[in-house]
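As a plain string of letters, each chain reads:
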Amino acid sequence: MLIFPVNIEGEKSQMVAEPTPSPAVANTNPKRLLVQNSWVHVLFWNAYILIAYLTLLLGPARVKPLFWDVYIHQALAISIIYAQALVVLPVWYRRRQYGRALLGSLGVLALYSLLRYLLNYQLLPLMGVTAYSNIYQGHFWLDGVYMWLILSALGFGYYYAVDAIRKRDQILVLERKAFQAEIEAARQRERSQQLEQAKYKAELAHLRAQINPHFLFNTLNFMYAQARPFSRELAGSIMALSEMMQYAVRDLNENDLVPLAGEVHYVKNYIDLQNSRFHKQLQVDMQIEGEEYLDHKWMVPLVLVSFVENAFKHGDLTDPAAPLTIRIHVDNDEMSFFSRNKISHGQREASSGIGLENIRKRLSYIYAPDDYSLTIENDRIFYTVQLTIAYN
């Protein structure tokens, strides 16, 4: 019985040894595999022929074969395996040229039979030697066909074994490339998040650095003390401004969030200052539900006031029939903010605060997509903002 070696473990060790996969790994073919492992093939088949010879030599037959006779016949038979695996199957069968593959395989049979006939009946008789195959085997041609069938089957097995290795290598290369691409994508996402975080902190720091806090607070305290004896309203406005500035430059928690109570208080102070500025002529309707939750819930700073500031700058707040409407509802599960103002079509005040686009980016940076929703509508008459933040 013929046994053919397929050095799968050798291929595996070679594949692992290459840190960076190359196209050659994915292009494994029988010829390349044979060249790489030629010493294994030579060693295996020489050992096989030696065992076959010793079996015949130590057998019960009275006529003992010559070693070189056995060697030549076995080598000729083994060549069928490689002819099928390296020529017929890769050249024609793999290209779905089955007719040519069949003719090629029959051509291997014809060539094997011709060489075997010349060896047994021409060359060896001239040397006075009787071929051992004529002694131990029966009908010459039937034995040749039988050997051709067995060895061709081994050639098919070798071809498909190598093909399986080739496909395995291709899959490994693709998986490795996909894994490397996934790692690179993760690194890109991490770098992008780091850049977004750095940009976000820089923008917030820039917002806070517009003024010198110590100078501002000292000045405001002085102005408050000077104004209090003459006008409690003016003193109250100065105090509201001082509280707003302190809130704007205060330290955040580790998640860059502030208590919701501070954000709502900031909005109230801003509205009071604007009302004082316009002599109480602005129409503002603000209602808050769930104030008991304000101290226990957190949110991104300077977001609600940006919407309110936008309403004051670009809205018409002098119409009693269409006041600036602000609704803030807080419970244990979520916070919802609603504002609606009539749009002013006259001269508009230039905006200098945090833009709405920046607010979207800051919200998306802090919250997951399912944890908040922001809807802004502009129908050229009214401007409406609806923000909802879920507390999980």
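The coordinates are above.
Residues numbered from 1 in each chain as written. Predicted model: local features only at pLDDT ≥ 70, side-chain atom pairs only at ≥ 80, totals over all residues. Heavy atoms only, no water.

A. Quick look at the nonpolar core. Membership of the largest hydrophobic core comes to 44 residues, with the highest contact counts inside it found for Leu260, Leu304, Met335, Phe337 and Leu387. Going through the elements one at a time, α8 (140-208), α10 (232-248), α11 (260-277), α12 (304-314), β4 (324-330), β5 (334-342), α13 (356-366) and β7 (382-390) are the ones with two or more residues in this core. Residue contributions to this core peak at seven residues, all from α11. With 22 residues, the next largest nonpolar core counts Trp45, Ala101, Leu109 and Leu151 among its residues. (Core = buried A, V, L, I, M, F, W, Y, C linked by side-chain atoms within 4.5 Å. Buried < 20%, exposed > 50% of the residue type's maximum accessible area, 1.4 Å probe, protein only. Helix = DSSP H or I, 4+ residues; strand = E, 2+ residues; numbered from the N terminus.)

B. α11, seen in detail. Between its terminal C-alpha atoms α11 stretches 26 Å, which fits the 26 Å expected from 18 residues at 1.5 Å a residue. Taken together, the buried positions of α11 are Leu260, Ala261, Gly262, Glu263, Val264, Tyr266, Val267, Asn269, Tyr270, Ile271, Gln274 and Asn275. A positive backbone phi angle near 55° is found at His279, which sits one or two residues after α11. (Expected span 1.5 Å × (residues − 1).)

C. Structural detail: the pairing of β7. For β7, a buried count of seven out of nine residues is recorded, marking the element as mostly surrounded by other parts of the structure. Of the strand pairs in this sheet, β5 and β7 are connected by nine bridges, and their pairing is antiparallel. Among the inter-strand pairings, Phe337 is bridged to a residue of β7, identified as Leu387. (Pairing = 2+ DSSP bridges.)

D. Representation of the packing of aromatic side chains. Applying the stated criterion across every chain yields a total of four aromatic pairs. Aromatic pair Tyr270 and Phe312: ring centres 5.5 Å apart, planes at 80°, arrangement edge-to-face. Taken together, the positions of Tyr270 in helix α11 and Phe312 in helix α12 put the pair 42 residues apart, joining distant regions of the chain. Residue classification places Tyr270 among the buried residues on the basis of a relative accessible area of 12%. Above the face of the Phe382 ring, Arg340 is positioned so that its terminal group lies 3.8 Å from the ring centre. (Phe/Tyr/Trp six-rings, centres within 6.5 Å; stacked < 30°, edge-to-face > 60°. Lys NZ or Arg CZ within 6 Å of the ring centre and 35° of its normal.)

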